[in-house]
Amino acid sequence: MLQGKTALITGAATGIGRAIALDMARSGANIALNHFNTPKDAKEAYELIIAEGVRCKVYDCDVADYHATEQMVAGTIEDFGRIDILVNNAGIVRDNLMLRMSEQDFDEVIKVNLKGPFNLTKHLYRRFMKNRSGSIINLASVCGLNGWERQANYAATKGGLISLTKTTAKELAGRGITCNAICPGFIATDMTADLKGESRNEFEAGIPMRRLGSPEDVSMLAVFLASDGARYITGETIRVDGGLCI
């Protein structure tokens with residue numbers, strides 16, 4: 001489905017990012033695997049990816065750093081010859097009530113979760129336009145649609161990312177480039193690992209499908225959005241939440 005394409009995936013060492021990298025590799029894509037200061041996880045992900053018979057290179061880079069991401073994009077193109085798919089997945093949380101949320105916690109989440117996708121999209125914008133092709137997939141969240149207590153910073157970034165997705169889609173549609181957002185609900189990753197016992201049961205009870213999602217529930221959609229089968233789909237915000245936001 002993605003044979004011969006190269007996907008640059010941020011935050012791909014663990015969780016949803018790793019699942020997307022693996023599923024895209026299984027679909028034939030070469031993988032540029034971005035992480036930041038998680039070498040052990042990145043090595044594990046790398047080994048799983050190359051076992052699928054595709055090429056993979058690992059790039060340790062803070063997506064919040066404009067110039068570092070510019071160098072990463074240039075390095076990826078030098079290593080692979082091209083980038084066809086950009087997955088903006090890297091994200092962090094610094095949860096707290098707004099009353100107790102520090103300015104630093106707000107700013108750090110904004111820089112990674114919102115400025116990061118801007119950086120990567122900006123650096124690939126002209127190249128995608130020149131090639132008249134490309135697929136951009138932004139990992140937003142249901143928090144960006146509905147807001148969430150104790151997550152003013154996180155929800156703000158994900159709401160902003162949805163708007164960034166729509167704007168990017170409008171600007172690039174005429175060149176055959178798609179840009180879509182995926183909004184996961186509660187997915188079983190490191191971010192939800194603290195949900196145990198009664199707390200987890202309460203969350204699951206509020207989901208119509210009565211369970212947390214898996215990273216693979218998200219990654220299969222990402223593969224489709226990057227494929228030719230989704231070439232006429234752009235500017236969409238698609239929930240993968242087990243019915244949480246119905």
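As shown above, the structure is provided for reference.
Residues numbered from 1 in each chain as written. Predicted model: local features only at pLDDT ≥ 70, side-chain atom pairs only at ≥ 80, totals over all residues. Heavy atoms only, no water.

**A word on the overall build of the chain**
For clarity, the threshold we go by: In DSSP terms, a helix is any run of H or I states spanning at least four residues, a strand is any run of E spanning at least two, and both are numbered starting from the N terminus. For a compact globule the rule gives 2.2 Å times the number of residues to the power 0.38, and the radius of gyration it is set against comes from C-alpha atoms. Each residue gets one of three labels from its accessible area relative to the maximum for its type: buried under 20%, exposed over 50%, partly exposed in between, using a 1.4 Å probe on protein chains only. Note on contacts: a residue pair qualifies if any of its non-hydrogen atoms lie within 4.5 Å across the two residues. Computed by Shrake-Rupley with a 1.4 Å probe, the accessible areas treat only the displayed protein chains as cover when residues are assessed. His is not counted, nor are the chain ends; Lys and Arg add positive charge and Asp and Glu add negative charge. Lys charges are placed at NZ, Arg charges at CZ, Asp charges at CG and Glu charges at CD.
A tally of regular secondary structure across the chain gives eight helices and seven strands. Relative to the globule expectation of 18 Å for 246 residues, the C-alpha radius of gyration of the chain, 17 Å, shows essentially globular dimensions. In terms of its C-alpha atoms, the chain occupies a principal-axis envelope of roughly 50 × 35 × 35 Å. In the chain, buried positions account for 48% of the 246 residues. Expressed as a percentage of contacts within the chain between residues at least 6 apart in sequence, the contacts between residues at least 24 apart total 74%. Only carbon and sulfur atoms are counted for the fraction: they give 50% of the accessible area of the chain, which is about 12000 Å². For the chain, the separation between the mean place of its 28 positive charges and that of its 29 negative charges on side chains is 7 Å.

**Structural notes on the packing of aromatic side chains**
Inclusion rule: When two rings of Phe, Tyr or Trp (its six-membered ring) have centres within 6.5 Å they constitute a pair, described as stacked for plane angles under 30 degrees, edge-to-face for angles over 60, and tilted for the intermediate range.
If you walk through the whole model with that rule in mind, you get one aromatic pair. Taking the centre distance of 5.4 Å and the plane angle of 70° together, the rings of Trp148 and Phe186 count as edge-to-face. A residue pair is termed long-range when its members are at least 10 positions apart, and Trp148 in the loop between helix 5 (143-146) and helix 6 (152-172) and Phe186 in the loop between strand 6 (177-184) and helix 7 (197-205) qualify at 38 residues. Overall, the relative accessible area of 32% leaves Trp148 in the partly exposed class.

**Section: the side chain of Asn119**
One can find Asn119 in helix 4 (residues 103-131). Ignoring anything within four residues of it in the chain, the contact list for Asn119 reads Val63, Ala64, Asp65, Tyr66 and Thr69.

**A short note on the packing of helix 1 (residues 15-26) against helix 2 (residues 39-50)**
For the record, the criterion: What counts as an axis is a line fitted to C-alpha atoms, over the stretch in contact for a helix, and the angles between N-to-C directions run from 0 to 180 degrees. Here roughly perpendicular refers to angles of 65 to 115 degrees, roughly parallel to angles under 35, roughly antiparallel to angles over 145, and oblique to all remaining angles. The crossing is said to be left-handed when, going from far helix to near helix, the turn is anticlockwise and less than a right angle, and right-handed when the turn is clockwise. Under the convention adopted here, Pro, Cys and the residues Ala, Val, Leu, Ile, Met, Phe, Trp and Tyr are nonpolar, Asp, Glu, Lys and Arg are charged, and Gly plus all remaining residues are polar.
Here helix 1 crosses helix 2 at 20°, and the two axes come no closer than 9 Å. Our classification of the angle between helix 1 and helix 2 gives roughly parallel. Remark: the crossing between helix 1 and helix 2 carries right-handed chirality. Counted together, Arg18, Ala21, Leu22 and Ala25 of helix 1 and Asp41, Glu44, Ala45, Leu48 and Ile49 of helix 2 form the full contact between these two elements. When grouped by side-chain class, the residues that make up the contact of helix 1 with helix 2 number six nonpolar, no polar and three charged.

**What about the pairing of strand 4 (residues 85-88)?**
Worth spelling out the cut-off: Here, a strand pair is defined by DSSP locating no fewer than two bridges between the strands.
Here strand 4 shows no split at all, with Ile85 and Val87 on one side and Leu86 and Asn88 on the other all buried. Two elements, strand 1 (residues 6-9) and strand 4, share three bridges in a ladder whose sense is parallel. Bridged to Ala7 within strand 4 is Ile85. As defined by bridge partners, strand 4 adjoins strand 5 (residues 134-139) across four bridges and the pair is classed as parallel.

**Concerning the layout of surface pockets**
Rolled over the atoms, a probe as big as a water molecule pinpoints where empty space is left. Rules: With a 1 Å grid laid over protein atoms only, a set of points is called a cavity when a 1.4 Å probe fits there but cannot get out and a pocket when it is open yet has protein on both sides within 12 Å along at least five of seven lines; lining residues have an atom within 4 Å of a point. Grid points are joined across faces, edges and corners, and a volume is the space filled by probe spheres set on the points.
Quantified by volume, the second largest pocket comes out at close to 210 Å³. Contributing to the lining of the second largest pocket are 15 residues, with Lys5, Gly134, Ser135, Ala226 and Asp228 lying nearest its centre. If you list the elements that add at least two residues to the lining of the second largest pocket, you get strand 5 and helix 8 (215-226). Of the residues that constitute the lining of the second largest pocket, the class distribution is four nonpolar, six polar and five charged.

**With respect to the packing of helix 3 (residues 66-80) against helix 4**
Contact geometry for helix 3 and helix 4: axes closest at 9 Å, N-to-C directions at 45°. Of the possible angle classes, the one that applies to helix 3 and helix 4 is oblique. Seen along the crossing, helix 3 lies across helix 4 with a hand that is right-handed. Here Tyr66, Thr69, Glu70, Met72, Val73 and Ile77 of helix 3 lie close against helix 4, whose contacting residues are Lys115, Phe118, Asn119, Leu120, Lys122, His123, Leu124 and Arg127. The class makeup of the residues in the contact of helix 3 with helix 4 is seven nonpolar, three polar and four charged.

**Points about the environment of Gly185**
For Gly185, the location among the structural elements is in the loop between strand 6 and helix 7. Residue Gly185 is classed as buried on the basis of its relative accessible area of 17%. Ignoring any residue separated from it by four or fewer positions in sequence, one finds Gly185 in contact with Val142, Val240 and Asp241.

What is shown is where atoms sit, not what they do.
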